[in-house]
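Summary of structural features
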Amino acid sequence: MKNITVIGAGTMGNGIAHVFAQSGFSVHLVDISQENLDRGLKTIETNLDRMIAREKISEADKQQTLSNITTFTDISEAVKEVELVVEAATENLDLKLKIFQQLDEAAPEKAILATNTSSISITKIASVTKRPKQVIGMHFMNPVPVMKLVEIIRGYETCDDVTKAIMTLSDKLGKIPVEVNDYPGFIANRILMPMINEAIYSLYEGVAGVREIDEVMKLGMAHPMGPLQLADFIGLDVCLSILNVLYDGFKNPKYAPCPLLVNMVVAGKKGVKSGEGFYDYSESKKAEKIAAQFSK
C-alpha cells in the first residue's frame, strides 16, 4: 500500500495524515471545507517544526512530508486510486455510516476501509458496505505523531488477510499494533473510561478535589497525567459519548456516566477544546489553573 486517503483534517485526521506522509506514503487528506484543510496542514507543519527543533528530522524531511499530502474537499475524487482509506471524522454513528456508504461506492473494489473510531462498532459500520471483510478499526492514540499504540479492531467479518495487512502497515509507520475484537469500548476505552468516570464520581461525591485526585494517580500510580486532566484533554463530550456506548452495549450500571460529567457537557464545559473543564484553559493549555467551582 502506497496511496492512502484520510477522511477528516481535525486533531486525529491531521495527525494520521502526518505519520503516513512522514513514512513516505502518498496521502489524500479530505475535509468538508478548505479552511479545515488549511488549519490541518498548518498543524502538521507546526508539529514538523517541533521535530526539527528537537533534531529528530531535517528541513528536507519536513518538505518531503508536506509534499506527500494533497488536499481534497470531494471524497469521491480523493479515493479513486487508493489502497486504504482511514476515516477520522467526528465520533458520530450516523455520520460515519454515511461516510462509509460513500466510500464503498467510490473507493476501488480491493481497497481496505478503516475507521479511527474510539468506541463505535466496526461490525455496525461494516454492515452498510458491500465489503465487510475489508472493514477494520485502526484506532490511533492522541497525539498521533507521538503515541506508539494503534488499536487494531476486527469486525465480526473482518478477514485475516486484511488484519495482517493493517498490522504490518502499522509497523511500517513506526507504531505498535495491538489486535482486539469488536466489543463496546474495545480495550483502551473499556478500561480507561470507567477509571475516568470513577475519578469524576470521586469528585462529585466530595471524596477529594481535582488536584488531589490527579496527584494521587500521578504520584501513586505513575500515570503521566491524572484522570481528570486526561478527560479534559480527550474532551468531556467524547468521554460522555464513549461511556454511553459502553452503557448501551453492556447494560451494566458500572458504565453509567456520572451526573457531574453530563452536566458539564450540557453546560459546554468540554475541557481543553472549550477553554474550561475540570481545569481552566482560558490562558494556557497546560492546566495551570483549577476551575473555581472545583477548587478546594
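Computed from a predicted model, the values in this text were never measured in an experiment. (Residues numbered from 1 in each chain as written. Predicted model: local features only at pLDDT ≥ 70, side-chain atom pairs only at ≥ 80, totals over all residues. Heavy atoms only, no water.)

**Quick notes on the domain arrangement of the protein chain**
Bring the parts together and some accessible area is lost; that lost area is often taken as the interface size. Segmenting the protein chain into domains produces domain 1 (3-181) and domain 2 (189-288). Of the residues lining the interface, six residues belong to domain 1; the matching set on domain 2 comes to five residues. For the domain 1 and domain 2 pair, buried surface summed over both sides reaches about 450 Å², with 53% attributable to carbon and sulfur atoms. It is S118, S119 and N142 that lose the most area in domain 1 upon contact with domain 2, and together they represent 67% of the buried surface on that side. Counting every contact that joins domain 1 to domain 2 gives zero salt bridges. Between domain 1 and domain 2 we count one residue pair in polar contact (both at pLDDT 80 or more) in total. Across the side of domain 1 that touches domain 2, the residue classes tally to one nonpolar, four polar and one charged. (Domains from an automatic or database assignment. Contact = heavy atoms within 4.5 Å. Buried area = accessible area lost by both parts, 1.4 Å probe. Salt bridge = Lys/Arg side-chain N within 4 Å of Asp/Glu carboxyl O. Polar contact = N/O pair within 3.5 Å; in protein donor to acceptor, adjacent residues only side chain to side chain. Nonpolar A, V, L, I, M, F, W, Y, C, P; charged D, E, K, R; others polar.)

**A look at unusual backbone geometry**
Residue P143 is reached from N142 by a cis peptide bond, and omega for that bond is 0°. Tracing the backbone through its elements, the reader meets P143 in the loop between β6 (135-140) and β7 (149-154). We note that F186 has phi near 55°; this positive angle belongs to a residue other than glycine. Along the polypeptide, F186 turns up in the loop between β8 (176-181) and α8 (188-204). Non-glycine residue A222 carries a positive phi angle of around 60°. Counting through the fold element by element, A222 comes out in the loop between α9 (210-221) and α10 (227-234). We classify A222 as exposed; its relative accessible area is 65%. (Helix = DSSP H or I, 4+ residues; strand = E, 2+ residues; numbered from the N terminus. Buried < 20%, exposed > 50% of the residue type's maximum accessible area, 1.4 Å probe, protein only.)

**Some thoughts on the sheet that holds strand β1 (residues 3-7)**
Taken in spatial order, the eight strands line up as β3-β2-β1-β4-β5-β6-β7-β8 in an open sheet, and their pairing is mixed. With one partner strand each, in any of the chains shown, β3 (69-72) and β8 form the two edges of the open sheet. Neighbouring strand axes in the sheet, compared pairwise and without regard to direction, differ in orientation by 25° on average. Note: β1 against strand β4 (residues 84-87), four bridges, orientation parallel. From the neighbouring strand, V6 faces β4, where its bridge partner is V86. (Pairing = 2+ DSSP bridges. Axes fitted to C-alpha atoms, helices over the stretch in contact; angles between N-to-C directions.)

**Brief notes about the packing of helix α1 (residues 11-22) against helix α2 (residues 34-53)**
Running from amino to carboxyl end, α1 crosses α2 at an angle of 55°, the nearest separation of the two axes being 9 Å. Classified by the angle their axes make, α1 and α2 are oblique. Once α1 is placed against α2, the crossing between them reads as right-handed. Side by side, α1 and α2 meet where N14, A17, H18 and Q22 of the first sit next to G40, T43, I44, N47, L48 and M51 of the second. Class assignment of the residues belonging to the contact of α1 with α2 gives a composition of four nonpolar, six polar and no charged. (Parallel < 35°, antiparallel > 145°, perpendicular 65-115°, else oblique. Left-handed = near helix turned anticlockwise from the far one by under 90°.)

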